[in-house]
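Each chain is listed here by its residues.
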Amino acid sequence: MTTLEVRGLTKVFSIRSGLRRSALRAVDNVSFTLTPGRTVALVGESGSGKSTVARMIARLEKPTAGKITAIRPDGTPVGGRAYRDHVQMVFQDPFASLNPFHTVEHHLARPLKLHGRARGREETRRMVEQLLERVNLTPAADIAQRRPHELSGGQRQRVAIARALAPGARVVIADEPVSMLDVSIRLGVLNLLARLQREDDLAVLYITHDLATARHFSDDILVMYRGRVVERGPADEVILNPRHPYTRILAAAAPDPDARDRARLTEVPDPEPAGGSALPGDDPGCTFRDRCPSAMEICARLPEDVAVGRDHHARCWLHAGDGHGARPAAGGATAERPA
Ligand code: ADP
Ligand code: MG
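The rules behind the values
- Residues numbered from 1 in each chain as written.
- Chains lettered and ligands numbered in written order.
- Predicted model: local features only at pLDDT ≥ 70, side-chain atom pairs only at ≥ 80, totals over all residues.
- Heavy atoms only, no water.
- Helix = DSSP H or I, 4+ residues; strand = E, 2+ residues; numbered from the N terminus.
- Buried < 20%, exposed > 50% of the residue type's maximum accessible area, 1.4 Å probe, protein only.
- Areas by Shrake-Rupley, 256 points an atom, 1.4 Å probe, with all protein chains shown as cover.
- Near = heavy atom within 4 Å.
- Polar contact = N/O pair within 3.5 Å; in protein donor to acceptor, adjacent residues only side chain to side chain.
- Core = buried A, V, L, I, M, F, W, Y, C linked by side-chain atoms within 4.5 Å.
- Contact = heavy atoms within 4.5 Å.
- Pairing = 2+ DSSP bridges.
- Axes fitted to C-alpha atoms, helices over the stretch in contact; angles between N-to-C directions.
- 1 Å grid on protein atoms, 1.4 Å probe; cavity = no way out; pocket = protein on both sides within 12 Å on 5 of 7 lines; lining within 4 Å.
- Points joined across faces, edges and corners; volume = space filled by probe spheres on them.
- Nonpolar A, V, L, I, M, F, W, Y, C, P; charged D, E, K, R; others polar.

(A) Focus on the overall build of the protein. Helix and strand content of the protein: 11 helices and 11 strands. Per-residue burial for the protein yields a buried fraction of 48% across its 339 residues. Of the roughly 16100 Å² that the protein leaves accessible, carbon and sulfur atoms contribute 51%.

Next comes the structure, spelled out in structure tokens:
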């Protein structure tokens, strides 16, 4: 069992447009912990920095600042090669993550052998088939001989999940694992991930822009907006009692059977993020303020992370007056809830 601690994770990209160079703070001071047997959902619109967080955890991208530590139950850190075995990714596009020239068996046998989990052809073949059965790809012996193009999108993603398990995954980072799949098969793949998590006591980060599945499949939710976590807390709390204006807009727009619980929320989000103009190069304030229905003068300053409930935090000046920090500036709206 492995716990993954992320502390102060930051990524600044240097981007060039014509002759100008500018800094894009794609991920800004993000912290969370993934624990065995639990799922944390990372939600937010496109461009908010979710995949950059995933890529840093997978060591595909180097953090500008901050720390990522995998820790065994006895407190020792999981380093080097072992980290790569323990922490596995499932990407959005299963086709791109599989080699078109190789069979399913090859994809799964490689990590099994590489990580010393199977020796000899017979044992390897048996373990490959066991993995395929675990992800409901049967008859396993038949599937094992196919190449990626001979599988459906859902089957390919199941192969990608089996491949994540092959080296002995303890932590799984699933970056929009069903968003490219047909709507009708998404739940099947998410249910599979949930079952494997229970069976193997995996720590899971589920990245999505779909609030309904985030709520259903996760224990805790982190809401990201332009590189920052603006709200975090228990899944039901965050969805049914959102406290950050951005989360309120997201929750109001989410198609969900419990929508009546939130009938009072009527705002509709912009279809597009509000342009690249105010990307958080080094915005000293709240990056949501140009879209926020409750924006105040003080929002030009970065709000602190404020406790708004049990294990529930929001980074918003609306909640900063409750004995935790400064009050909203005079003349600004002081209402507890946005109108
Ligand atoms: P999400 O997964 O939430 O859609 P990303 O993490 O992919 O967001 O991207 C966050 C921001 O970082 C975006 O503005 C994106 O354009 C930018 N970005 C991502 N990767 C790079 C890169 N390699 N170089 C420059 N900018 C990048
Ligand atoms: Mg992404």
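(B) Broad picture of the site of ligand 1. All residues adjacent to ligand 1 are F13, I15, L24, A26, E45, S46, G47, S48, G49, K50, S51 and T52. S48 is positioned with one of its backbone polar atoms (N or O) 3.2 Å from an oxygen atom of ligand 1. Coverage of ligand 1 by the protein amounts to 64% of the 560 Å² it exposes when considered alone. Breaking the shell around ligand 1 down by element, the ones donating at least two residues are β1 (3–17), β2 (20–34) and α1 (50–57).

(C) The arrangement of the nonpolar core in detail. Of all hydrophobic cores here, the largest spans 57 residues; its most connected members are L132, I161, I221 and V223. Contact partners of V223, with chain neighbours within four places excluded, come to V43, R228, V229, V230, E231, V238, Y246, T247 and L250.

(D) Just the sheet that holds strand β4 (residues 65–71), in detail. Read across the sheet, 3 strands follow the order β2-β1-β4 without closing on themselves; strand pairing throughout is antiparallel. Among the strands making up the open sheet, the edge pair consists of β2 and β4. Neighbour-to-neighbour, the strand axes of this sheet turn through a mean angle of 20°, independent of strand direction. Of the strands in this sheet, β1, β2 and β4 touch α1, which is tilted by about 120° from β1.

(E) Seen up close, empty space enclosed by the protein. Using the criterion set out here, one finds 4 cavities of 30 Å³ or more in the structure. Considered as a void within the structure, the largest cavity measures approximately 100 Å³ in volume. Taken together, T39, A174, L190, L193, A194, Q197, V204, Y206 and F217 make up the lining of the largest cavity. When residues of the lining of the largest cavity are traced back to their parent elements, those giving at least two are α8 (183–200) and β7 (203–208). With 4 residues, the top contributor of residues to the lining of the largest cavity is α8. In the lining of the largest cavity, the residues fall into 7 nonpolar, 2 polar and no charged. Taken as a whole, the second largest cavity holds about 60 Å³ of empty space.

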